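Secondary and tertiary structure notes
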Amino acid sequence: MTTSVALDCAYFDAWRCRSCTLLATPYDIQLADQQAGIEALLPPMAWDAPHPSAVGGFRNKAKMAVAGIVDAPTLGILAADGTGIDLQACPLHEQPLVDAMPVLEELVRAARLTPYDVPSRRGELKHLILTASPDRELALRIVLRSSEALPRIRKHLGLLDALPLVSVSANLQPEHKAVLEGDEELLLAGAGVLRMRVNGIALRLRPRSFFQTNTAVAAALYRQATAWIDETDPASVLDLYCGVGGFALHAARPGRCVAGVEVTAEAIDAARETAAELGADASFTVGDATGVDLEGAGAPELVVVNPPRRGIGELAARLERSAVRRVVYSSCNPASLARDLAAMPSLQPVRGRVFDMFPHTAHAEVLVELERR
């Protein structure tokens, strides 16, 4: 039976923000349409029921573009003409993020942080990026065009004492282009680490770390992948594009050789620290996932891949030629997943499950298990 629209959003109703393109569609229909579309795109396989999300209050990260003027800044998104649309009460965000927005707005005013104006290419403050953990702790990144405002920010950091912040950093992004962050990150306060407690594992996020934006659904994704891995109980597991170690640390078991590879050294350091804290038998290496040796007797029995939206590219052909028996593929882009599966005909899809990481949009996370035939 069709349910009613599950989330009220004044911004959507007023046509101020239409990012949630499917918000007017009842949620059960969203899930059914999403499942049908993904099944049609991918090869035949058994499908578990899709894993739903909360319809609101699920996003653990707020990426707020800052516009307007110092005394009246907007925190939200930019309109097509570059003007700001304030979305401080966005109902997608977890409550600690919404509660923090007035304090961040006050910091902008007190520290005289001139919002960056896209049309004129003038101003300093580009974005405020706030992340919340399941323990309701927060990490803040302040994206600036230059270091000019840093002394004023440091002077007014006391305004943030009302928030449960464990990390405050500034990211310098001097270029005028559609890139969220720059190469330089400066820690201003706190330890620079946000613990994301997922299924009892406290993953460590540093300012530049990637993590799924929907913590509850990410936890379900890790549980499902781990259950599939444990069913066949491989002696060796290799987690490629491992990030801070989510899949690898969930899969670690006594007597099982687990390793992770990730190009970002900061993420590998975090994964190693978590493994040491857990006493997990898991090792992590900085490297390019596409260059890992998958040949011969040393090939892992099972490989986990969790690539960016572009997919695994040339790694698909290497997996096809390898001795790897099973692959668990977590994809945020069903189109690139379909291309990659077509490039691995010897690794047949056995089963899949859709995880609605991004409700009210056409985006989805898909988990597929492949078995060599």
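Preceding this section is the structure that the text describes.
Residues numbered from 1 in each chain as written. Predicted model: local features only at pLDDT ≥ 70, side-chain atom pairs only at ≥ 80, totals over all residues. Heavy atoms only, no water.

**Describing the sheet that holds strand 16 (residues 347-355)**
Strands sit in the order 1-16-17-15-14-11-12-13 across an open sheet of eight strands; the sheet is mixed. The sheet terminates laterally at strand 1 (46-47) and strand 13 (282-286), the two strands that pair on one side only. Against the sheet, helix 9 (residues 334-342) contacts strand 15 (326-331), strand 16 and strand 17 (365-372), and its axis sits at roughly 160° relative to strand 15. (Pairing = 2+ DSSP bridges. Helix = DSSP H or I, 4+ residues; strand = E, 2+ residues; numbered from the N terminus. Contact = heavy atoms within 4.5 Å. Axes fitted to C-alpha atoms, helices over the stretch in contact; angles between N-to-C directions.)

**Concerning the pairing of strand 9 (residues 194-198)**
Only one face of strand 9 is covered, namely the one carrying Leu194, Met196 and Val198; the face carrying Arg195 and Arg197 has none of its residues buried. The hairpin turn running from strand 9 into strand 10 (residues 201-205), its antiparallel successor, is two residues long, and Asn199 in that turn takes a positive phi close to 55°. (Buried < 20%, exposed > 50% of the residue type's maximum accessible area, 1.4 Å probe, protein only.)

**Some points on unusual backbone geometry**
Even without being a glycine, Arg121 presents a positive backbone phi close to 60°. The topology assignment puts Arg121 in the loop between helix 3 (95-110) and strand 5 (125-132). Residues other than glycine seldom take positive phi values, yet Tyr241 does so here, at roughly 60°. Looking at where Tyr241 falls in the secondary structure, it is placed in the loop between strand 11 (236-240) and helix 6 (246-251).

**Here we look at the layout of surface pockets**
Volume-wise, the largest pocket comes out at about 1200 Å³. Forming the boundary of the largest pocket are 42 residues, of which Phe210, Phe211, Glu262, Pro307 and Pro308 lie nearest the centre. For the lining of the largest pocket, a count of residues per class yields 20 nonpolar, 12 polar and 10 charged. Around the second largest pocket sit 27 residues that line it, and Ser19, Cys20, Arg59, Leu92 and His93 are the ones nearest its centre. Elements that contribute at least two residues to the lining of the second largest pocket include exactly helix 1 (10-13), strand 2 (61-69) and strand 3 (72-78). (1 Å grid on protein atoms, 1.4 Å probe; cavity = no way out; pocket = protein on both sides within 12 Å on 5 of 7 lines; lining within 4 Å. Points joined across faces, edges and corners; volume = space filled by probe spheres on them. Nonpolar A, V, L, I, M, F, W, Y, C, P; charged D, E, K, R; others polar.)

**Some remarks on the pattern of salt bridges**
Scanning all chains against the criterion turns up 23 salt bridges. Where Glu185 meets Arg141, a salt bridge forms, and the shortest distance between an N and an O atom there is 2.6 Å. Taken together, the residues Glu185 in strand 8 (residues 184-190) and Arg141 in strand 6 (residues 138-144) connect sequence positions 44 residues apart. Residue class for Glu185 comes out partly exposed when judged on its relative accessible area of 22%. One salt bridge in this structure joins Arg272 and Asp269, with 3.9 Å as the shortest N-O distance. With Arg272 and Asp269 both in helix 7 (residues 265-278) and three residues apart, the pair spans about one turn of that helix. Linked through salt bridges whose partners overlap, the residues forming this network are Glu231, Arg326, Arg351, Glu369, Glu371 and Arg373. (Salt bridge = Lys/Arg side-chain N within 4 Å of Asp/Glu carboxyl O.)

**Details of the sheet that holds strand 3**
The seven strands lie next to each other as 4-3-2-5-6-7-8, forming an open sheet whose pairing is mixed. Among the strands making up the open sheet, the edge pair consists of strand 4 (84-86) and strand 8. For this sheet, the mean angle separating the axes of adjacent strands, direction not counted, is 35°. Looking at chain direction, strand 7 (residues 165-172) and strand 8 are connected through six bridges and run antiparallel. In the strand pairing of strand 8, Ala170 is matched with Leu186.

**A closer look at the state of the cysteines**
A complete count under the given rule lists zero disulfides for this structure. Cysteine Cys17 shares no disulfide, and the gap to the nearest cysteine sulfur, in Cys20, comes to 6.3 Å. When its relative accessible area of 15% is taken as the criterion, Cys17 is described as buried. Counting only cysteine sulfurs, Cys257 is the nearest neighbor of Cys242, a cysteine outside any disulfide, at a range of 14 Å. When its relative accessible area of 6% is taken as the criterion, Cys242 is described as buried. (Disulfide = S-S within 2.5 Å.)

**Examining the packing of aromatic side chains**
Taken as a whole and judged by the stated rule, the model has one aromatic pair. Ring geometry for Tyr222 versus Phe247: centroids 4.8 Å apart, planes at 80°, classification edge-to-face. Within this pair, whereas Tyr222 is found in helix 5 (residues 215-232), its partner Phe247 is found in helix 6, the two being separated by 25 residues in sequence. Both residues of the pair, Tyr222 and Phe247, belong to the buried class. When the ring centre of Phe12 is taken as reference, the NZ or CZ atom of Arg18 above it lies at 3.6 Å. Geometry around Tyr116 places Lys126 over its ring, the cationic atom sitting 4.8 Å from the centre. (Phe/Tyr/Trp six-rings, centres within 6.5 Å; stacked < 30°, edge-to-face > 60°. Lys NZ or Arg CZ within 6 Å of the ring centre and 35° of its normal.)

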